[in-house]
Amino acid sequence: MSDTHLPKRARELPARLLAEVPRADVVFHAGDWVDTATLDLLENRCRRLVGVYGNNDGPELRARLPEVAYVELAGLRFAVVHETGPAQGREARCAARFPDTDVLVFGHSHIPWDTTAPTGLRLLNPGSPTDRRRQPHCTYMTATAADGRITDVTLHRLPPR
């Protein structure tokens, strides 16, 4: 997930997303939490949380989270960052910035994204579960990582609030 913007864009995370959190082996959050309560909530509900701060996150969140997070899971090297710049040229720019990464999870735009750079870097943006902006739905993403491969990448559309 990314760009939860609580409590500004919504009062709480959607119930459907919260129900999935404890079942996941790892939960990624690509920044713009806005409040520390959401970080506390996810730290308590997740088996493992990998998160970063975003441009709307203040000093308290920046003190607890990195700008970029790296983790190895199931034979894959993941990086998480909030902002990757404009859509045009994103794959090449991110492949150059994260050369030793297999999967990059990012946010900021609130626009779901799933592409692969020519280098093989997979770029995933789950959108936002609370602030759809110009998108038709609020969203989050799930995937399966096993044996050095990422499969079953699914963009989940949430019902209107």
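Right above here is the structure, for reference.
Residues numbered from 1 in each chain as written. Predicted model: local features only at pLDDT ≥ 70, side-chain atom pairs only at ≥ 80, totals over all residues. Heavy atoms only, no water.

*Asks:* Mind showing me how you'd approach the nonpolar core here?
*Replies:* With 18 residues, the main nonpolar core has M1, L13, V21, W33, L42 and L65 as its most contacted residues. Looking at this core, the elements with two or more residues in it are helix 1 (15-20), helix 2 (36-45) and strand 8 (138-146). Among the nonpolar cores identified, the runner-up in size contains 15 residues, and V52, V71, L124 and M141 belong to it. (Core = buried A, V, L, I, M, F, W, Y, C linked by side-chain atoms within 4.5 Å. Buried < 20%, exposed > 50% of the residue type's maximum accessible area, 1.4 Å probe, protein only. Helix = DSSP H or I, 4+ residues; strand = E, 2+ residues; numbered from the N terminus.)

*Asks:* I'm lost on the pattern of salt bridges in this one. Help?
*Replies:* Oppositely charged side chains can pair when the atoms bearing their charge come close. In this structure the tally under the stated criterion is seven salt bridges. A salt bridge links R77 to D102; the shortest N-O distance between them is 3.0 Å. Of this pair, R77 sits in strand 4 (residues 76-81) while D102 sits in the loop between helix 4 (90-97) and strand 5 (103-106), and the two are 25 residues apart along the sequence. Residue classification places R77 among the partly exposed positions, given a relative accessible area of 34%. The exposure class assigned to D102 is partly exposed, which follows from its relative accessible area of 21%. The partner of D131 in a salt bridge is R133, and the shortest N-O contact between them spans 3.8 Å. Accessibility expressed as a relative area gives 11% for D131, which makes it buried. It is possible to trace a salt-bridge network through shared partners that takes in R9, D131 and R133. (Salt bridge = Lys/Arg side-chain N within 4 Å of Asp/Glu carboxyl O.)

*Asks:* What should I look at first to understand helix 2 in this one?
*Replies:* Spacing of three or four residues puts side chains on the same side of an α-helix, whose turn is 3.6 residues. Those residues of helix 2 that sit buried are T38, L39 and L42. Here the buried residues of helix 2 occupy an arc of 100° about the axis, which is enough to place them on one side. (Arc of directions from axis to C-beta.)

*Asks:* Mind showing me how you'd approach the packing of aromatic side chains here?
*Replies:* Aromatic ring pairs are reported here in terms of the distance separating the ring centres and the angle at which the planes meet. In this structure the tally under the stated criterion is two aromatic pairs. Relative to F98, the ring of Y70 lies with its centre 6.4 Å away and its plane at 55°, an arrangement referred to as tilted. Linking Y70 in strand 3 (residues 68-73) with F98 in the loop between helix 4 and strand 5, this pair joins segments that are 28 residues apart in sequence. For Y70, a relative accessible area of 57% translates into the label exposed. Classification of F98 by relative accessible area gives buried; the value is 3%. Across from the ring centre of W113, 4.4 Å away, lies the NZ or CZ of R90, which sits over that ring. (Phe/Tyr/Trp six-rings, centres within 6.5 Å; stacked < 30°, edge-to-face > 60°. Lys NZ or Arg CZ within 6 Å of the ring centre and 35° of its normal.)

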